[in-house]
Structure formats: structure tokens, C-alpha cells
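Residue-level structural notes
Take a look at the letters that make up each chain.
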Amino acid sequence: MSTPKASLKPRKSAVQARSAATVEALHTATLQVLIQQGLVRCTTTRVAERAGMSVGSVYQYYPNRDALLAAILEKHLVRVADAVEHACVGLQGATVADMAAGLVTTLLTAKLREQAVSKALYAIAAERGGAELVARINVRMVGAIAAMLATAPDAYFEDPALIAAISLSAIVGPVRTLLEGNAPPAFEATLEQQTTLLLKAYLQAHAASSTADA
């Protein structure tokens, strides 16, 4: 992305600005314009109109449109990571089968709960400093998954971080297919079931292999 990284940062935080509600209204309006009118027509002017405020008010919080888009992308990804971390803590000590099922359900719910939003943000991620942000979020999720796997009573993973990274990719891959519009008929209806089967088989096979080598 050609825009300097510094220009993607908000001018001031919601706390400093005295009104988190104003920032939330801007985020909501941006998503609505982005979903309904697309990226090209998602301008600060249209966002301000949708939010019921002046363009000048928008610039009090964000220096430009890209900074606003980067903010809503980060908010979305952080929400996904928070959900995964919370689930992984709750699943510590469970069997690998239960871990797989719980992780798949949590991640799919977080990413696809508002599918129109996810599609819109996925489409802009590569242009809005998204690659670095996604990498940072993935580190958080891989760490949480690895910590969870290390507590499995029915398996031993020599390299939990590696298994966690592959497990995360195994879930995210089908989600990407869906969000990119490349999924065949009936894909979404069976996504959770099929992805759970895939991850369960992977973790159980790796667990069995680790036990045999021990």
C-alpha cells in the first residue's frame, strides 16, 4: 500500500475524544457504505452523511479514509482473536476431538457471524495495511491454540506451535474460499461439519503418531 503507515493511525483515541459513541457511529457508517456502495464510493463524505455528522468531524478522528478503513479492519480481527483466545482457555484440558470441534465452531462463528461485513473487510485487507495486521492477529491465535493443545490429556505434541499454525490454516482456508465467492453449492451448509472432521482427523492422527514414537 502506498499510503505511509503513520497516516493510517487515528488522530486521537475514543477516550481522548470524550466520545466512544462517535467513533462507533463512524465505524458503523463506514461498514454500511462499504457494503452497500463498495470501496470506490466509500468516501469520507458519504460516511459522514451516513453517520449524521460533518466531514470535519470525521477528520477530527481519522486523517483520511484509509485510516478509517484500517481501524474497522483491526477492530474486526481483534474481535476474532479475542473469541479464539477465550475459547482456547475454556478448552484447556479437553480431548483433542473436543478441542477441534470447539475451535472450528468458535472461529467460524466469529468470522461468518456477519458475513457481509467479513466479505467487505476481506476484500480491502490487502490494500489497507491488512497483511501486517493479519500476521499479528495470527500470532495471537496460534499462541492460544498451542497453549490449548499442550494441555490435551490424550495427546502429546512435540511442537504445539507448528500444529497450531497448521490447524488455524486448515480452518481459515475454507473460510477464505467462501468469502472470495469461490465455494461450490452446499459448501457453506456443510462447512462446520466438514472442517471439524478434517481438524479432528489431523489432531488425532498426529497424536497417535506422537504416542507411537514415544
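Predicted model only: the values in this text are computed from it and were never measured.

Moving on: the overall build of the chain. Of the regular secondary structure elements, the chain holds nine helices and zero strands. Along the chain, helices (α) and strands (β) appear in the sequence α-α-α-α-α-α-α-α-α when read from the amino end. Within the chain, buried positions represent 41% of all 214 residues. Long-range contacts, defined here as pairs at least 24 residues apart, represent 73% of the contacts in the chain between residues at least 6 apart. In the form shown here, the chain has an accessible surface area of approximately 10800 Å², with 56% of it arising from carbon and sulfur atoms.

By the element assignment, Ile124 lies in helix H6 (residues 115-125). Given the relative accessible area of 2%, Ile124 is considered buried. For the pair Ile124 and Leu39, spaced 85 residues apart in sequence, the C-alpha to C-alpha distance is 7.8 Å. Among residues more than four places away in sequence, those in contact with Ile124 are Leu34, Leu39 and Leu69.

Okay, the confidence of the model for the chain next. Confidence in the prediction of the chain, expressed as mean pLDDT, is 88, and 87% of residues score 70 or more. Mean pLDDT per element in the chain: H6 is the minimum at 84, and helix H5 (residues 96-112) is the maximum at 96.

One pass over the structure, following the stated rule, counts five salt bridges. Of the charged contacts in the structure, one is a salt bridge between Asp82 and Arg140, with a shortest N-O distance of 2.6 Å. Residue Asp82 is found in helix H4 (residues 65-91), and its partner Arg140 is found in helix H7 (residues 130-149); the two are separated by 58 residues along the sequence. Via salt bridges that share partners, Asp82, Glu85 and Arg140 belong to a single interconnected network.

Rules used in this analysis
- Residues numbered from 1 in each chain as written.
- Predicted model: local features only at pLDDT ≥ 70, side-chain atom pairs only at ≥ 80, totals over all residues.
- Heavy atoms only, no water.
- Helix = DSSP H or I, 4+ residues; strand = E, 2+ residues; numbered from the N terminus.
- Buried < 20%, exposed > 50% of the residue type's maximum accessible area, 1.4 Å probe, protein only.
- Contact = heavy atoms within 4.5 Å.
- Areas by Shrake-Rupley, 256 points an atom, 1.4 Å probe, with all protein chains shown as cover.
- pLDDT = per-residue confidence, 0-100.
- Salt bridge = Lys/Arg side-chain N within 4 Å of Asp/Glu carboxyl O.

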